[in-house]
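Breakdown of the fold
The primary structure of each chain is shown beneath.
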Amino acid sequence: MASRYNPVDRVELIRQPIPNAAIARDVRGDGDGAVATFDGCVRNHSHGRATRFLEYEAYDEMALAKMRDIAAELHGRFAIDRIAMVHRLGRLEIGETSVFIAVSAAHRDAAFDACRYAIDTLKKTVPIWKKEHFADGAVWADGEMPPVPKSTASEESGAETPAAKPASN
Amino acid sequence: MLVKVLYFGKLKELSGSAEESVELRDGARIEDLFAVCAEARPEMREFRRSLVAARNREFAAWDTALQAGDEIGFLPPVSGG
(Lines give C-alpha, C1' and ligand atoms only; values in the text may rest on other atoms or scores of the structure.)
Protein backbone atom coordinates (compact mmCIF):
# COMPACT_ATOMS: atom_id res chain seq x y z
CA MET A 1 0.00 0.00 0.00
CA ALA A 2 1.29 3.48 -0.81
CA SER A 3 1.80 5.03 2.59
CA ARG A 4 0.62 8.57 3.19
CA TYR A 5 2.62 8.58 6.39
CA ASN A 6 3.03 12.10 7.67
CA PRO A 7 6.52 12.85 9.01
CA VAL A 8 5.12 14.95 11.88
CA ASP A 9 3.79 11.70 13.31
CA ARG A 10 5.98 9.53 15.51
CA VAL A 11 6.03 5.78 14.98
CA GLU A 12 8.66 3.76 16.82
CA LEU A 13 9.66 0.41 18.21
CA ILE A 14 11.96 0.80 21.19
CA ARG A 15 13.75 -1.48 23.62
CA GLN A 16 13.89 0.89 26.59
CA PRO A 17 11.12 2.33 28.80
CA ILE A 18 8.70 4.46 26.79
CA PRO A 19 8.85 8.18 27.69
CA ASN A 20 5.06 8.52 27.96
CA ALA A 21 4.93 12.09 29.29
CA ALA A 22 7.36 13.45 26.70
CA ILE A 23 5.46 11.76 23.88
CA ALA A 24 2.14 13.20 25.04
CA ARG A 25 3.69 16.64 25.39
CA ASP A 26 5.37 16.59 21.97
CA VAL A 27 2.25 15.50 20.08
CA ARG A 28 0.42 18.72 20.97
CA GLY A 29 0.41 21.73 18.67
CA ASP A 30 -0.92 25.22 19.42
CA GLY A 31 -4.02 24.60 17.32
CA ASP A 32 -4.98 21.59 19.42
CA GLY A 33 -7.58 21.59 22.16
CA ALA A 34 -7.23 17.91 23.10
CA VAL A 35 -4.65 15.18 23.48
CA ALA A 36 -6.01 11.65 24.03
CA THR A 37 -3.60 8.96 25.15
CA PHE A 38 -3.68 5.20 25.57
CA ASP A 39 -1.20 3.56 27.93
CA GLY A 40 -1.12 -0.21 27.47
CA CYS A 41 0.67 -1.69 30.48
CA VAL A 42 1.73 -5.07 31.78
CA ARG A 43 -0.75 -6.57 34.27
CA ASN A 44 0.09 -9.14 36.88
CA HIS A 45 -2.32 -11.86 35.75
CA SER A 46 -3.55 -13.63 32.63
CA HIS A 47 -6.27 -16.31 32.40
CA GLY A 48 -6.22 -16.68 36.17
CA ARG A 49 -2.47 -17.21 36.40
CA ALA A 50 0.02 -14.88 38.02
CA THR A 51 2.28 -13.27 35.41
CA ARG A 52 5.95 -12.71 36.28
CA PHE A 53 6.92 -10.68 33.20
CA LEU A 54 6.29 -10.39 29.46
CA GLU A 55 8.54 -10.60 26.44
CA TYR A 56 7.66 -8.88 23.18
CA GLU A 57 9.15 -9.49 19.76
CA ALA A 58 8.31 -8.03 16.36
CA TYR A 59 8.85 -8.38 12.65
CA ASP A 60 10.41 -4.93 13.00
CA GLU A 61 10.34 -3.58 9.45
CA MET A 62 6.84 -4.82 8.75
CA ALA A 63 5.53 -3.72 12.15
CA LEU A 64 6.78 -0.18 11.53
CA ALA A 65 5.23 -0.18 8.06
CA LYS A 66 1.88 -1.34 9.47
CA MET A 67 2.00 1.26 12.24
CA ARG A 68 2.68 3.96 9.64
CA ASP A 69 -0.29 2.65 7.64
CA ILE A 70 -2.47 3.05 10.74
CA ALA A 71 -1.22 6.62 11.27
CA ALA A 72 -1.95 7.45 7.64
CA GLU A 73 -5.41 5.91 7.92
CA LEU A 74 -6.17 7.93 11.06
CA HIS A 75 -5.50 11.17 9.22
CA GLY A 76 -7.99 10.11 6.56
CA ARG A 77 -10.72 9.08 9.01
CA PHE A 78 -10.55 11.62 11.82
CA ALA A 79 -10.06 15.39 12.13
CA ILE A 80 -6.80 15.07 14.04
CA ASP A 81 -3.50 16.89 14.13
CA ARG A 82 -0.69 14.45 15.03
CA ILE A 83 -0.25 10.86 16.16
CA ALA A 84 2.45 9.21 18.23
CA MET A 85 2.48 5.40 18.43
CA VAL A 86 5.35 3.71 20.25
CA HIS A 87 5.61 0.00 21.07
CA ARG A 88 8.25 -1.46 23.33
CA LEU A 89 10.02 -4.79 22.67
CA GLY A 90 12.04 -7.14 24.87
CA ARG A 91 11.39 -7.99 28.51
CA LEU A 92 8.81 -5.91 30.37
CA GLU A 93 8.01 -6.03 34.06
CA ILE A 94 4.59 -5.67 35.72
CA GLY A 95 3.31 -2.10 35.44
CA GLU A 96 5.56 -1.06 32.59
CA THR A 97 4.11 0.46 29.43
CA SER A 98 4.19 -1.84 26.41
CA VAL A 99 2.46 0.51 23.99
CA PHE A 100 1.74 4.23 24.19
CA ILE A 101 -0.47 6.12 21.77
CA ALA A 102 -1.14 9.84 21.80
CA VAL A 103 -3.38 11.72 19.38
CA SER A 104 -3.86 15.47 19.23
CA ALA A 105 -6.83 17.26 17.69
CA ALA A 106 -8.64 20.58 17.80
CA HIS A 107 -11.58 18.87 19.54
CA ARG A 108 -11.83 15.91 21.92
CA ASP A 109 -14.18 13.63 19.98
CA ALA A 110 -11.72 13.13 17.16
CA ALA A 111 -8.82 12.61 19.56
CA PHE A 112 -10.70 9.95 21.60
CA ASP A 113 -12.06 8.17 18.53
CA ALA A 114 -8.74 8.10 16.69
CA CYS A 115 -6.84 6.88 19.77
CA ARG A 116 -9.30 4.01 20.23
CA TYR A 117 -9.19 3.11 16.56
CA ALA A 118 -5.38 3.14 16.61
CA ILE A 119 -4.98 0.65 19.48
CA ASP A 120 -7.76 -1.63 18.19
CA THR A 121 -6.18 -1.74 14.73
CA LEU A 122 -2.66 -2.17 16.07
CA LYS A 123 -3.73 -5.23 18.04
CA LYS A 124 -5.17 -6.80 14.90
CA THR A 125 -2.72 -5.90 12.15
CA VAL A 126 0.75 -5.19 13.52
CA PRO A 127 3.15 -8.17 13.60
CA ILE A 128 4.20 -8.12 17.26
CA TRP A 129 4.07 -11.12 19.60
CA LYS A 130 3.91 -11.40 23.36
CA LYS A 131 5.20 -14.27 25.47
CA GLU A 132 3.74 -14.53 28.95
CA HIS A 133 6.04 -15.86 31.65
CA PHE A 134 4.42 -17.47 34.68
CA ALA A 135 5.94 -19.06 37.77
CA ASP A 136 5.58 -22.49 36.14
CA GLY A 137 6.38 -21.83 32.50
CA ALA A 138 5.76 -19.55 29.54
CA VAL A 139 3.25 -19.38 26.69
CA TRP A 140 2.81 -17.26 23.59
CA ALA A 141 -0.34 -15.19 24.13
CA ASP A 142 -3.45 -16.00 22.12
CA GLY A 143 -3.44 -13.55 19.29
CA GLU A 144 -5.59 -12.20 16.51
CA MET A 145 -5.49 -13.36 12.92
CA PRO A 146 -4.72 -10.32 10.77
CA PRO A 147 -7.06 -9.76 7.81
CA VAL A 148 -5.34 -11.33 4.81
CA PRO A 149 -6.60 -11.81 1.25
CA LYS A 150 -7.91 -15.38 0.91
CA SER A 151 -6.50 -15.80 -2.56
CA THR A 152 -4.82 -13.70 -5.21
CA ALA A 153 -8.09 -13.80 -7.15
CA SER A 154 -9.74 -11.64 -4.46
CA GLU A 155 -6.78 -9.37 -3.91
CA GLU A 156 -7.88 -6.71 -6.39
CA SER A 157 -11.36 -6.49 -4.90
CA GLY A 158 -9.93 -4.42 -2.08
CA ALA A 159 -9.61 -6.79 0.86
CA GLU A 160 -8.24 -4.22 3.26
CA THR A 161 -8.18 -3.52 6.96
CA PRO A 162 -11.73 -4.12 8.20
CA ALA A 163 -13.46 -2.13 10.88
CA ALA A 164 -11.67 -2.59 14.16
CA LYS A 165 -13.34 -4.52 16.94
CA PRO A 166 -13.06 -3.62 20.61
CA ALA A 167 -9.75 -4.45 22.21
CA SER A 168 -9.71 -7.68 24.14
CA ASN A 169 -7.94 -6.22 27.14
CA MET B 1 15.01 -19.34 -7.35
CA LEU B 2 16.09 -18.42 -3.87
CA VAL B 3 13.75 -16.82 -1.30
CA LYS B 4 14.27 -15.71 2.29
CA VAL B 5 11.96 -17.11 4.99
CA LEU B 6 11.38 -15.55 8.41
CA TYR B 7 9.68 -17.21 11.40
CA PHE B 8 8.27 -15.44 14.42
CA GLY B 9 6.88 -16.10 17.89
CA LYS B 10 5.78 -19.66 18.56
CA LEU B 11 6.59 -20.64 14.98
CA LYS B 12 10.21 -19.63 15.47
CA GLU B 13 10.39 -22.10 18.35
CA LEU B 14 8.63 -24.84 16.39
CA SER B 15 10.86 -24.36 13.35
CA GLY B 16 14.03 -24.08 15.41
CA SER B 17 15.26 -21.12 13.39
CA ALA B 18 14.47 -17.46 12.83
CA GLU B 19 15.52 -17.22 9.21
CA GLU B 20 16.50 -19.46 6.31
CA SER B 21 17.07 -19.38 2.58
CA VAL B 22 15.06 -21.81 0.48
CA GLU B 23 15.61 -22.87 -3.12
CA LEU B 24 12.34 -23.31 -5.03
CA ARG B 25 11.25 -24.16 -8.56
CA ASP B 26 10.12 -21.24 -10.70
CA GLY B 27 6.39 -20.60 -10.41
CA ALA B 28 6.20 -21.77 -6.79
CA ARG B 29 3.61 -20.16 -4.55
CA ILE B 30 3.71 -19.30 -0.85
CA GLU B 31 1.87 -22.52 0.02
CA ASP B 32 4.53 -24.53 -1.84
CA LEU B 33 7.23 -22.77 0.14
CA PHE B 34 5.49 -23.59 3.41
CA ALA B 35 5.21 -27.25 2.39
CA VAL B 36 8.96 -27.36 1.73
CA CYS B 37 9.76 -25.65 5.05
CA ALA B 38 7.39 -27.89 7.04
CA GLU B 39 8.42 -31.12 5.32
CA ALA B 40 10.66 -32.34 8.13
CA ARG B 41 8.78 -30.47 10.88
CA PRO B 42 5.35 -32.03 11.55
CA GLU B 43 4.57 -29.73 14.49
CA MET B 44 4.94 -26.78 12.13
CA ARG B 45 2.51 -28.36 9.67
CA GLU B 46 -0.11 -28.72 12.41
CA PHE B 47 0.22 -25.00 13.13
CA ARG B 48 -0.46 -24.04 9.50
CA ARG B 49 -4.11 -23.01 9.95
CA SER B 50 -3.12 -20.52 12.65
CA LEU B 51 -0.62 -18.76 10.41
CA VAL B 52 -0.73 -15.91 7.95
CA ALA B 53 1.90 -15.16 5.37
CA ALA B 54 3.56 -11.89 4.40
CA ARG B 55 5.40 -11.30 1.13
CA ASN B 56 7.89 -8.44 1.18
CA ARG B 57 6.26 -7.10 4.36
CA GLU B 58 2.66 -7.10 3.12
CA PHE B 59 0.08 -9.70 4.13
CA ALA B 60 -0.34 -12.10 1.21
CA ALA B 61 -2.66 -14.92 0.19
CA TRP B 62 -1.28 -18.46 0.31
CA ASP B 63 -1.60 -18.82 -3.47
CA THR B 64 0.59 -15.77 -4.16
CA ALA B 65 3.31 -16.57 -6.73
CA LEU B 66 6.88 -16.04 -5.53
CA GLN B 67 9.77 -14.30 -7.22
CA ALA B 68 13.49 -14.70 -6.66
CA GLY B 69 14.67 -12.60 -3.73
CA ASP B 70 11.27 -12.41 -2.03
CA GLU B 71 11.17 -12.10 1.75
CA ILE B 72 8.42 -14.31 3.12
CA GLY B 73 7.33 -14.14 6.74
CA PHE B 74 5.20 -16.84 8.37
CA LEU B 75 3.32 -15.15 11.19
CA PRO B 76 1.36 -16.60 14.11
CA PRO B 77 -1.70 -14.66 15.31
CA VAL B 78 -0.46 -11.24 16.41
CA SER B 79 -0.58 -10.23 20.09
CA GLY B 80 0.94 -6.79 20.39
CA GLY B 81 -0.49 -4.03 22.55
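**Things to note about the pairing of strand S3 (residues 52-55) of chain B**
All names here are of chain B. Taken together, the 4 bridges between S3 and strand S5 (residues 71-75) define a ladder with antiparallel strand orientation. Bridging from a neighbouring strand, Val52 pairs with Leu75 of S5. Bridge analysis of S3 against strand S4 (residues 58-60) gives 3 bridges, and the strand direction is antiparallel. By the bridge assignment, Ala54 is partnered in S4 with Phe59.

**Remarks on the nonpolar core**
Residues and elements named next belong to chain A. Within the largest apolar cluster, 62 residues are counted, with the highest numbers of intra-cluster contacts made by Met85, Ile101, Val103, Ala111, Cys115 and Ala118. For this core, the element with the highest residue contribution is helix H3 (residues 108-125), accounting for 7 residues. Leave out the neighbours within four places in its chain, and Ile101 touches Thr37, Phe38, Ala84, Met85, Cys115, Ala118 and Ile119.

**A few points about the sheet that holds strand S1 (residues 2-7) of chain B**
Residues and elements named next belong to chain B. Reading across from one edge, S2-S1-S5-S3-S4 is the order of the 5 strands in this open sheet, with mixed pairing throughout. Because the sheet does not close on itself, it has two edges, and the strands there are strand S2 (19-23) and S4. Averaged over all pairs of adjacent strands, the angle between their axes in this sheet comes to 35°, without regard to strand direction.

**Some words on the interface of chain B and chain A**
At the junction of the two partners, chain B supplies 19 residues and chain A supplies 31 residues. For the side of chain B that touches chain A, the secondary-structure elements that each account for two or more residues are helix H1 (9-15), S3 and S5 of chain B.

**Regarding unusual backbone geometry**
Even without being a glycine, His47(A) presents a positive backbone phi close to 50°. Within the secondary structure layout, His47(A) lies in the loop between strand S3 (45-46) and strand S4 (49-58). For His47(A), a count of 10 C-beta atoms within 10 Å translates into the label exposed. For Asn56(B), which is not a glycine, the phi torsion comes out positive at approximately 50°.

**Some points on the environment of Met44(B)**
Residue and element names in this part refer to chain B. Mapped onto the elements, Met44 comes out in helix H3 (residues 42-46). Given 20 C-beta atoms within a 10 Å radius, Met44 is considered buried. Spatially, the C-alpha atoms of Met44 and Phe34 are 9.3 Å apart, while their sequence positions differ by 10 residues. Setting aside its immediate chain neighbours within four residues, Met44 contacts Leu11, Leu14, Ser15 and Ala38.

**Focus on the sheet that holds strand S2 (residues 34-41) of chain A**
Residue and element names in this part refer to chain A. With mixed pairing, 4 strands are arranged side by side in an open sheet as S1-S5-S7-S2. In the strand order of this sheet, the two ends are held by strand S1 (10-14) and S2, each with one partner. Neighbour to neighbour, the strand axes of the sheet diverge by 5° on average, direction disregarded. With 8 bridges connecting them, S2 and strand S7 (residues 97-105) associate as antiparallel partners. Residue pairing for S7: Asp39 is matched across the bridge by Phe100. Each of S2, strand S5 (80-88) and S7 is contacted by H3, which is oriented at about 150° to S7, the strand it contacts most.

**Looking at helix H2 (residues 30-38) of chain B**
Residue and element names in this part refer to chain B. All of the buried residues in H2 are Ile30, Leu33 and Cys37. Down the axis of H2, the buried set is contained in an arc of 55°. They therefore lie on one face. Structurally, H2 contributes buried residues whose contacts are with S1, S2, S3, S4 and S5.

**As for the confidence of the model for chain B**
Confidence in the prediction of chain B, expressed as mean pLDDT, is 96, and 100% of residues score 70 or more. In the model output, the complex is listed with pTM 0.90 alongside ipTM 0.96.

**A word on the packing of helix H2 (residues 60-77) of chain A against H3(A)**
All names here are of chain A. Where H2 contacts H3, the two axes come as close as 10 Å, and the packing angle between them is 150°. In terms of orientation, H2 and H3 fall into the roughly antiparallel class. Both H2 and H3 take part in a crossing whose hand is right-handed. Between H2 and H3, the residues in contact are Lys66, Met67, Ile70, Leu74 and Arg77 and Ala114, Tyr117, Ala118, Thr121, Leu122 and Thr125, respectively. Considered class by class, the residues forming the contact of H2 with H3 number 7 nonpolar, 2 polar and 2 charged.

What counts and what doesn't
Residues numbered from 1 in each chain as written. Chains lettered and ligands numbered in written order. Predicted model: local features only at pLDDT ≥ 70, side-chain atom pairs only at ≥ 80, totals over all residues. Pairing = 2+ DSSP bridges. Helix = DSSP H or I, 4+ residues; strand = E, 2+ residues; numbered from the N terminus. Core = buried A, V, L, I, M, F, W, Y, C linked by C-beta atoms within 7 Å. Buried ≥ 20, exposed ≤ 12 C-beta atoms within 10 Å, placed from the backbone. Contact = placed C-beta atoms within 7 Å. Axes fitted to C-alpha atoms, helices over the stretch in contact; angles between N-to-C directions. Arc of directions from axis to C-beta. pLDDT = per-residue confidence, 0-100. Parallel < 35°, antiparallel > 145°, perpendicular 65-115°, else oblique. Left-handed = near helix turned anticlockwise from the far one by under 90°. Nonpolar A, V, L, I, M, F, W, Y, C, P; charged D, E, K, R; others polar.

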